[in-house]
Amino acid sequence: MRVLFLFGTRPEAIKLIPVVLAMRADSFFDVKVCVTAQHREMLDQILEVFDVIPDIDLNLMTPNQSLPGLTAKILEKVDQIVKDLKPDVCIIQGDTTTVMAGALACFYNKVFLGHVEAGLRTYNKYSPFPEEINRVLATHLCDIHFAPTEKSKKNLLLENVEESKIIVTGNTVIDTLKITKIRLERKEIFCNNILVNNILNEKQPFILVTSHRRENFGGGIESICNALKKFALKYPFLNIVFPVHLNPNVKVPVYKALSGFSNIYLLDPLDYVSFVALMSECYIVITDSGGVQEEAPTFGKPTLVMRETTERTEAIEAGLSKLVGTDENNIFEALVKLVEDKTAYYQMSNGINPYGDGKATERIVGYFKKLYKG
């Protein structure tokens, strides 16, 4: 079976790499990997960790690129690649511009399309932006939908996707996380970031922060920074570790607001292994990232979600995460509660991760073998 994997960002790579590795290890599949490099540096980091060398690297990232311009470039380039390779199947993941434009290119060429992590919805087309519409469009272009949870499956059924075309697999991010934990324990890979190792060796409790969402640019980021500043002043014995996204809409306001605090560590974007090491040892996670919302419960970390809506409601319903938005007071008060109220902390840190059992890859690969034989 000729399989083309298409992705462009680090989160996509994290969630597709276990499937790529499994298929490459099986002679049943002829695998080609195409990256758009929508996130150049961060994508390369994760590819290097797992020794995945793309067969095709479009390298489409340019400074301050527009969404229409990026969409057009991806559509045109992927169209040509599909024409040249003639894959039996193309596999995409999630909700990026690469996913939406790549799915459209495959549709134009009548290529069977599989969507990993299908069915996530907020039902607000501007939050997250542009991801909500990207995944809705991808759903209606795809042929098979690998839903991470029963709730995602229900969302797809409500949009009239045939039940026979939906498979609940769990989320592949848990597969990657478990592989990484094992490799760290076996000392096959290491955290080589000196600053991260220094933070971990201090044995001082710390809050781990990530923020990169487009809809939080501007006032949202400023409000997040104000909340963190207030928290740092109130709890000088607690550190805040913030790997800062390279996008100037994030980097400039964060460094302006939070530089100079002795208990706030502003780091460059981290490689995946270093980030996993931090997440495994932190006290609380506060994020607007989708992937981090899924990963943190594996380590038993209470998670505050800095978004107005989230498509990952399973952890919220299980009491493992809480939606706090970007309101300065909401963020600050939620952090204070977790620090001061040990019962609240315990309730959020003890539970089963609702996003998967680490066997999603096995289910996806099994489906395509069965499909081909059929």
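The model shown is predicted, which means the values in this text are computed figures rather than measured ones.

Draft legend 1. Representation of the side chain of T287 within the structure. Assignment of secondary structure puts T287 in strand β11 (residues 284–287). Take T287: its relative accessible area is 0%, and that puts it in the buried class. Among the polar contacts listed, one links the side chain of T287 to the backbone nitrogen of S289, at a separation of 2.9 Å. Ignoring any residue separated from it by four or fewer positions in sequence, one finds T287 in contact with T210, V292, Q293, T303, L304, V305 and M306.

Draft legend 2. Representation of empty space enclosed by the protein in the model. Under the counting rule described, the total for this entry stands at one cavity of 30 Å³ or more. If you add up the space inside the largest cavity, you get close to 40 Å³. Considering the residues around the largest cavity, the lining is formed by L120, P148, T149, S152, N171, E294, E311, R312, E314 and Y355. For the lining of the largest cavity, the residue count by class is three nonpolar, three polar and four charged.

Draft legend 3. Highlighting unusual backbone geometry. The residue after S127, namely P128, is reached through a cis peptide bond having omega 0°. Residue position: P128 is located in the loop between β5 (112–116) and α5 (131–139). Residue P130 is reached from F129 by a cis peptide bond, and omega for that bond is 5°. Within the secondary structure, P130 is located in the loop between β5 and α5. Phi at K110 takes a positive value of approximately 55°, unusual for a residue other than glycine. Looking at the secondary structure, you find K110 in the loop between α4 (97–108) and β5.

Draft legend 4. The arrangement of the side chain of N353 in detail. Here N353 is to be found in the loop between α15 (342–349) and α16 (360–373). At 3.0 Å, the side chain of N353 and the backbone oxygen of E294 are in polar contact. Polar contacts involving the side chain of N353 include one to the main-chain amide nitrogen of Y355, which spans 2.9 Å. Those residues within four positions of N353 in sequence are excluded, and the remaining contacts are I174, E294, E295, P297 and T298.

Cut-off values and rules
- Residues numbered from 1 in each chain as written.
- Predicted model: local features only at pLDDT ≥ 70, side-chain atom pairs only at ≥ 80, totals over all residues.
- Heavy atoms only, no water.
- Helix = DSSP H or I, 4+ residues; strand = E, 2+ residues; numbered from the N terminus.
- Buried < 20%, exposed > 50% of the residue type's maximum accessible area, 1.4 Å probe, protein only.
- Polar contact = N/O pair within 3.5 Å; in protein donor to acceptor, adjacent residues only side chain to side chain.
- Contact = heavy atoms within 4.5 Å.
- 1 Å grid on protein atoms, 1.4 Å probe; cavity = no way out; pocket = protein on both sides within 12 Å on 5 of 7 lines; lining within 4 Å.
- Points joined across faces, edges and corners; volume = space filled by probe spheres on them.
- Nonpolar A, V, L, I, M, F, W, Y, C, P; charged D, E, K, R; others polar.

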